[in-house]
Amino acid sequence: MSLIIDGNPIFHLSPKGEKRFRLTALVFCIFMILVDHYYGNVFTTTAVLLYSMFLFPSIYLNRNVQLKFFSHAQDPIIAFRIMSVAIIIAMVLVWSIAIVDYAINPPEFPKEERLKELMGENYVPQKTAGQ
């Protein structure tokens, strides 16, 4: 099955639509980076990095680039762009769920008694600023 139907790719946007898609995706990337900096953890940072990595092929492999540089092999480029768009949408969903979950249920760290129990004789309590 070809991704080209009657010479028009399935994921074909007008120049104005391409510009709107590009601007929205880049602004959302900046938003994700800022929110992740203040509220994120290792897992959410991974989702942001994957979003950023697949963002550029998905926004810059538009119809003009396909015709100019990949005129003889458009099918793989169209498939790669569609897959990149699917991956960035999935990363937005994963990141959103992870940020909301992390904000609602922050991780609980062990109390002093649990630390004594885990570390045994090697446990030395931290001195606070008041002591």
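Structure: above.
What comes next concerns the included structure. (Residues numbered from 1 in each chain as written. Predicted model: local features only at pLDDT ≥ 70, side-chain atom pairs only at ≥ 80, totals over all residues. Heavy atoms only, no water.)

### Observations concerning the overall build of the protein chain
Stage number 1. Along the protein chain, the regular secondary structure elements total five helices and two strands.
Stage number 2. Helices and strands in the protein chain line up, N terminus first, as β-β-α-α-α-α-α.
Stage number 3. Out of the 131 residues in the protein chain, the part that is buried amounts to 26%.
Stage number 4. The long-range fraction of contacts in the protein chain, counting pairs at least 24 apart against all pairs at least 6 apart in sequence, stands at 69%.
Stage number 5. Counting only carbon and sulfur atoms, one obtains 67% of the accessible surface of the protein chain, whose full area is about 9800 Å². (Helix = DSSP H or I, 4+ residues; strand = E, 2+ residues; numbered from the N terminus. Buried < 20%, exposed > 50% of the residue type's maximum accessible area, 1.4 Å probe, protein only. Contact = heavy atoms within 4.5 Å. Areas by Shrake-Rupley, 256 points an atom, 1.4 Å probe, with all protein chains shown as cover.)

### Considering the packing of helix 1 (residues 15-39) against helix 4 (residues 74-104)
Stage number 1. Packing of helix 1 against helix 4 brings their axes to within 12 Å, and their N-to-C directions diverge by 30°. As summarised for this structure, helix 1 and helix 4 are arranged roughly parallel, according to the angle between their axes. The way helix 1 lies across helix 4 gives a crossing that is left-handed. Across the interface between the two elements, Glu18, Phe21, Phe28, Phe31, Met32, Val35, Asp36 and Tyr39 from helix 1 touch Arg81, Val85, Ile88, Val92, Trp95, Ile99 and Tyr102 from helix 4.
Stage number 2. A breakdown of the residues in the contact of helix 1 with helix 4 according to their chemical character gives twelve nonpolar, no polar and three charged. (Axes fitted to C-alpha atoms, helices over the stretch in contact; angles between N-to-C directions. Parallel < 35°, antiparallel > 145°, perpendicular 65-115°, else oblique. Left-handed = near helix turned anticlockwise from the far one by under 90°. Nonpolar A, V, L, I, M, F, W, Y, C, P; charged D, E, K, R; others polar.)

### Quick word on the pattern of salt bridges
Stage number 1. Following the criterion strictly, the structure yields one salt bridge and no others.
Stage number 2. When the shortest N-O distance is used, the salt bridge between Glu18 and Arg81 registers 2.8 Å. Taken as a pair, Glu18 in helix 1 and Arg81 in helix 4 lie far apart in primary sequence, 63 residues in all. No difference in accessibility class separates Glu18 from Arg81, as the two residues are buried. (Salt bridge = Lys/Arg side-chain N within 4 Å of Asp/Glu carboxyl O.)

### Describing the environment of Val85
Stage number 1. Within the secondary structure layout, Val85 lies in helix 4.
Stage number 2. Judged by relative accessible area, Val85 falls into the buried class, the value being 11%.
Stage number 3. Distance in space between the C-alpha atoms of Val85 and Ser58 is 5.4 Å, their sequence separation being 27 residues.

### Focus on the packing of aromatic side chains
Stage number 1. As enumerated under the stated definition, the model contains five aromatic pairs in all.
Stage number 2. Ring plane angle 40° and centroid distance 5.8 Å describe the contact between Phe28 and Phe31, whose orientation is recorded as tilted. A residue pair is termed a helical-turn pair when its members lie 3 or 4 positions apart in one helix, as Phe28 and Phe31 do in helix 1 at three residues.
Stage number 3. Residue classification places Phe28 among the partly exposed residues on the basis of a relative accessible area of 27%.
Stage number 4. Judged by relative accessible area, Phe31 falls into the partly exposed class, the value being 44%. (Phe/Tyr/Trp six-rings, centres within 6.5 Å; stacked < 30°, edge-to-face > 60°.)

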